[in-house]
Amino acid sequence: MNPVELRGITFAYGEGELRREVLRQVDLSIGAGEIVILTGPSGSGKTTLLTLIGALRAMQDGSARVLGQELRGAEEAARVRLRRRIGFIFQNHNLLGFLTARQNVALALELDGSLDERARMERAAAMLGAVGLADHLDKVPAKLSGGQRQRVAVARALVGRPGLVLADEPTAALDKRSGQEVVHLMRDLARKEGTPILLVTHDPRILDIADRVVAMEDGRIVQDATASPAA
Ligand code: ADP
Ligand code: MG
């Protein structure tokens with residue numbers, strides 16, 4: 001079973017006169033361990049699609065099976081459980097400013113409930129080591145560079161061994177080199193665990209991490225192709 005299987009997803013904001021369809025009949029599958037980049041102009045519906053897959057917003061039409069959970073008609077409780085199995089990375093790292101890098105990452109393990117604090121802090125330190133931040137464990141976000149903060153966000157998203165990673169423009173606030181470093185790290189860590197990634201970007205500099213590139217335009221998928229190795 002594919003980790004993500006979307007059929008006929010249609011979604012509109014507003015009602016009545018103000019109703020505006022922003023996704024139209026979207027079909028998309030993501031296979032086990034696959035890294036898919038979703039690209040397309042601003043306003044084409046990429047973020048809306050990502051938030052539906054991530055169960056951050058209720059579905060309207062179509063069917064979405066994500067990590068075995070059907071989201072059509074799903075209760076809020078089922079959506080909350082699914083969200084805990086997904087690692088999210090956003091454009092702005094969304095780290096808590098009053099916590100250290102290590103505490104921010106450890107926090108992601110608290111919901112799990114099976115690890116005591118010492119084990120959580122150890123796992124967080126190991127994960128930060130894996131993203132090259134072993135020397136910055138006890139720094140608060142303001143003391144880190146943009147690229148380092150986004151690497152903390154990657155560590156936080158992956159530390160709980162999610163079944164799926166959803167990333168929305170994770171390099172938008174970064175220069176070319178740190179952007180590439182961040183996505184390469186994300187790819188290498190996800191590959192090691194066989195974790196599929198859906199990454200939204202219009203940054204052409206990072207297309208090379210993808211197994212497949214899917215392009216959206218005006219709420220529709222207009223291209224879905226296996227990435228060429230030279231891209
Ligand atoms: P993208 O991520 O590709 O830029 P979005 O999914 O953010 O596209 O937006 C798709 C369309 O939906 C845009 O026209 C946007 O203005 C509109 N939109 C996004 N969020 C909302 C919202 N919360 N309420 C109303 N319209 C929205
Ligand atoms: Mg967007």
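Described below are features of the structure shown in this document. Predicted model, so just to flag it, every value in this text is computed and none were measured. (Residues numbered from 1 in each chain as written. Chains lettered and ligands numbered in written order. Predicted model: local features only at pLDDT ≥ 70, side-chain atom pairs only at ≥ 80, totals over all residues. Heavy atoms only, no water.)

**Thoughts on the site of ligand 1**
Then step 1. By nearness alone, every residue bordering ligand 1 is listed as Tyr13, Arg20, Val22, Pro41, Ser42, Gly43, Ser44, Gly45, Lys46, Thr47 and Thr48.
Then step 2. One of the side-chain N or O atoms of Arg20 is found 3.0 Å from an oxygen atom in ligand 1.
Then step 3. Notes on ligand 1: free accessible area 560 Å², of which the protein chains cover 61%.
Then step 4. For the shell around ligand 1, the secondary structure elements donating two or more residues are strand 2 (20–30) and helix 1 (46–53).
Then step 5. Of all the elements, helix 1 adds the most residues to the shell around ligand 1, at three residues.
Then step 6. In the shell around ligand 1, the residues fall into three nonpolar, six polar and two charged. (Near = heavy atom within 4 Å. Polar contact = N/O pair within 3.5 Å; in protein donor to acceptor, adjacent residues only side chain to side chain. Areas by Shrake-Rupley, 256 points an atom, 1.4 Å probe, with all protein chains shown as cover. Helix = DSSP H or I, 4+ residues; strand = E, 2+ residues; numbered from the N terminus. Nonpolar A, V, L, I, M, F, W, Y, C, P; charged D, E, K, R; others polar.)

**Brief notes about unusual backbone geometry**
Phi is mostly negative for residues that are not glycine, and the peptide bonds are mostly trans.
Then step 1. Of note, Gln25 is a non-glycine position whose phi angle comes to about 50 degrees, a positive value.
Then step 2. Within the secondary structure layout, Gln25 lies in strand 2.
Then step 3. The class for Gln25 is exposed, based on a relative accessible area of 55%.
Then step 4. For Glu169, which is not a glycine, the phi torsion comes out positive at approximately 50 degrees.
Then step 5. Structurally, Glu169 is set in the loop between strand 7 (164–168) and helix 6 (176–193). (Buried < 20%, exposed > 50% of the residue type's maximum accessible area, 1.4 Å probe, protein only.)

**What to know about the pairing of strand 1 (residues 4–13)**
Then step 1. Where burial is concerned, most of strand 1 is hidden: eight out of the ten residues are buried.
Then step 2. Note that strand 1 and strand 2 share seven bridges and pair antiparallel. The residue of strand 2 that forms the bridge with Leu6 is Leu28.
Then step 3. Between strand 1 and strand 2, which follow one another and run antiparallel, lie six residues, and Gly14 among them has a positive phi close to 75 degrees. (Pairing = 2+ DSSP bridges.)

**Some details on the nonpolar core**
Then step 1. Counting residues in each nonpolar core, the largest one holds 38 residues, and the members touching the most others are Leu128, Val131, Val152, Val154, Met186 and Leu199.
Then step 2. Taken together, the elements giving at least two residues each to this core come down to strand 3 (35–39), helix 3 (101–107), helix 4 (117–130), helix 5 (146–158), strand 7, helix 6 and strand 8 (197–200). (Core = buried A, V, L, I, M, F, W, Y, C linked by side-chain atoms within 4.5 Å.)

Read these as spatial facts, not as claims about activity.
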